[in-house]
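Commentary on secondary and tertiary structure
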Amino acid sequence: MSTLKIACATVNQTPLDWTGNLDHIKQAIIKAKSLNVEFVCFPELAITGYGSEDLFLSYWYPQKAISQLTHLLPYSEGITIAVGLPVRIQEKVYNCVAVLENQKVMGFVAKQFMAIDGVHYEFRWFTPWEHGKVIQFEFQGNQIPFGDLVLEKNGIKYGFEICEDAWRGDLRPGFRLKDRNVDLIFNPSASHFAMGKSILREQLVNESSKKFAATYFYVNLLGNEAGRMIFDGEILASKHGKLILKNELLSFEDFQVLVFDYDKKKEEYLEIKSLHDKNEEFVKASALALFDYLRKSKSKGFVLSLSGGADSSTIAVLVSEMVRRGVEELGITLFLQKSGLSFVPSTNNPVKEITGQLLTTAYQASDNSSFVTFQSAKFLAESIGAEFLHWEITDEVKSYTEKIEKAIGRKLTWKEDDIALQNIQARTRSPIIWMLANIKNALLLSTSNRSEGDVGYTTMDGDTSGSISPIAGVDKHFVIQWLRWAETELNYSGLNKVNGLQPTAELRPSENQQTDETDLMPYAVIVEIERLAIRDKRSPLDIFLILKEELNVEKELLKSYIKKFFRLWSQNQWKRERFAPSFHLDEFNVDPKTWYRFPILSGGYAEELKELDEY
């Protein structure tokens, strides 16, 4: 035979949810069988989930993972199943794909390269397998081939590159698979979502299919698996450098199955043209991440301190989009069931009703808050159906201020005590909004963005308070343009007032005319500095030499911006260590627990900034 009906199946898994994970895999196999599929490939570590962290280091966890194969073997009658799992051999753990067929394990293929950059720390858990090496591994009393394998079905030879294996240039296993004359290469992956990353994956599979003269399949995990990383569930296939298979990304379903009829003798397939929109990717990934975090944490909803400004308004819209997109894909009944809601919508606008059940907002006014931001917050909340509460914190701020004035024996003034007087307002808002979240058994949404995280422009235990921080992985410049896009492209007329405001913390008296960019620098400049400093890891002088050619900013002013960025960055690492968990959404982030580690105490680039000054 020269044909093979292939399915790629993506699954939304959760570490330690053995029953749920296995059920998703079983359901996908049943679906594939109903479509007369002969071979189904699941993503990397599909049995356990990729985000199991140090559980992989234990003895019992990989052992339990491999025991799950006994539950899948009966489902392999009449179909070949490739599924990812960790396998421990003595002191070492390997990242593997098990191949099951006709109720037998045909082999284990082990990953040869570990991802060790960005959010990945695979060398902490896994040992890379040596290419060309095959051993015998005992499973259920049988000796099973284990290692660098090529297998065959219907006269069609196939092999695997497991995620990072494919990103290692001339070292990748695909070259050796080509030498072994495989017809198909499968890439089961756990590749984190980032805006624009799908373009890179398409390039990878297209180049791989040409380079290795094989039809190349790619299948990724799905969903917000363990809290921070999001997986988009991407499924791709390419032949002769042309994309011939692609699914809809970031599904709210527990699994997706995409089928492809492979014919070894067929040279041409219909080429697929895909579209990519960074704004759409952001909202789609954030919506799914919020939904999975909500249901997996078994929370009853979200609470948000809605200031009427850009950041909190972005998060409010993302929750609204979570409901709209979830209902659209799953239907009202299943969305409510997965969300843990028992009520029945009674109007012709169920999305707005459900949003009202899941999202509670509060405007917390201080003496420095303006009527325009109150209107902005109220208008947006009402337009999306969120519950809107409001109160004043004046008495609480006054009480704290008077207590400390009495204790230190003097009056506080804006001239001498600016930061303290700003921070007490933000911190006063925290206890009561936390109280509301506790009452509702809801997740408190923190509103910090990445630009603020860079320079510490945030109050610890104030606006940083929260269970999760949905937009801490994106910069303020992006947030501002996204809100304008959302108003027009997603039809959020409630953003009209928000988009008319200049970003401001509203913590100083109104006559001060406080704005974020006056306090810091233009957000468009921050994003360029952080791109070079954090993503590209360049020195202050390098950054100046690059940006003086790229930005229309006077040289001494540009130097002052760069110096300010690095000083504030160094001083505020302790804040970044304490931020609420955030979603990885962009090509880089400043979360020290995932992407960028930096010492809490340091010399603060003193010599490097002096070098910049003297240039």
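Residues numbered from 1 in each chain as written. Predicted model: local features only at pLDDT ≥ 70, side-chain atom pairs only at ≥ 80, totals over all residues. Heavy atoms only, no water.

Overview of the side chain of Glu 321
Quick reminder of the rule: Runs of E in the DSSP output that reach at least two residues are strands. Runs of H or I that reach at least four are helices, and both are numbered from the N terminus. Any N or O atom pair separated by 3.5 Å or less is treated as a polar contact, with the protein-specific requirement of one donor-capable and one acceptor-capable atom, and with residues adjacent in sequence counted only for side-chain atom pairs.
When you line up the elements, Glu 321 lands in helix 7 (residues 310-330). Of the polar contacts made by the side chain of Glu 321, one reaches the side chain of Arg 324; its length is 2.8 Å.

Points about the packing of aromatic side chains
Which entries qualify depends on this criterion: Each Phe, Tyr or Trp ring, with Trp reduced to its six-membered ring, pairs with another whose centre is within 6.5 Å; inter-plane angles below 30 degrees give stacked pairs, above 60 give edge-to-face pairs, and intermediate values give tilted ones. Buried residues are those whose accessible area, probed at 1.4 Å on protein chains only, stays under 20% of the maximum for their type, while exposed residues exceed 50% and partly exposed ones sit between those limits.
Here the structure, examined in full by the defined rule, presents 41 aromatic pairs. Aromatic pair Phe 108 and Phe 137: ring centres 5.4 Å apart, planes at 75 degrees, arrangement edge-to-face. A residue pair is termed long-range when its members are at least 10 positions apart, and Phe 108 in strand 5 (residues 104-110) and Phe 137 in strand 6 (residues 134-139) qualify at 29 residues. In terms of burial, Phe 108 and Phe 137 fall into one category: buried. An angle of 15 degrees between the planes, with centres 6.0 Å apart, marks the rings of Phe 598 and Tyr 605 as stacked. What makes Phe 598 buried here is its relative accessible area of 12%.

A closer look at the sheet that holds strand 7 (residues 142-147)
Spelled out, the test is: DSSP-based pairing: two strands are paired if at least 2 bridges between them are found. Lines fitted to the C-alpha atoms define the axes, with helices restricted to the stretch that makes contact. Angles between their N-to-C directions range from 0 to 180 degrees.
The strand order 6-7-5-4-3-2-1-16 describes an open sheet built from 8 strands, whose pairing is mixed. On the outer flanks of this sheet lie strand 6 and strand 16 (255-263), each paired with one strand and no other. Ignoring strand direction, the axes of neighbouring strands in this sheet form an average angle of 30 degrees. Of the pairings in the sheet, the one linking strand 4 (residues 92-101) to strand 5 comprises 6 bridges and is antiparallel in character. In the sheet register, Val 97 faces strand 5, and the bridge partner there is Val 109.

Some remarks on the pairing of strand 10 (residues 184-189)
Along any regular strand the residues' side chains alternate between the sheet's two faces. Condition: Crossover handedness is defined by viewing with both strands directed away from the observer: a clockwise path from the first strand over the helix to the second marks the crossover as right-handed.
With 6 of 6 residues buried, strand 10 is to be regarded as a mostly interior element. Alternating positions in strand 10 separate into two faces, Leu 184, Phe 186 and Pro 188 on one and Ile 185, Asn 187 and Ser 189 on the other, with burial throughout. In this structure, strand 9 (residues 156-160) lies alongside strand 10, joined through 3 bridges in parallel fashion. Bridge pairing in strand 10 links Tyr 158 to Leu 184. Handedness of the crossover joining strand 9 and strand 10 through helix 4 (residues 174-179) is recorded here as right-handed. Inspection of the sheet shows strand 10 paired to strand 11 (residues 215-220) by 6 bridges, in the parallel sense. Opposite Asn 187, over in strand 11, you have Tyr 218 as the bridge partner.

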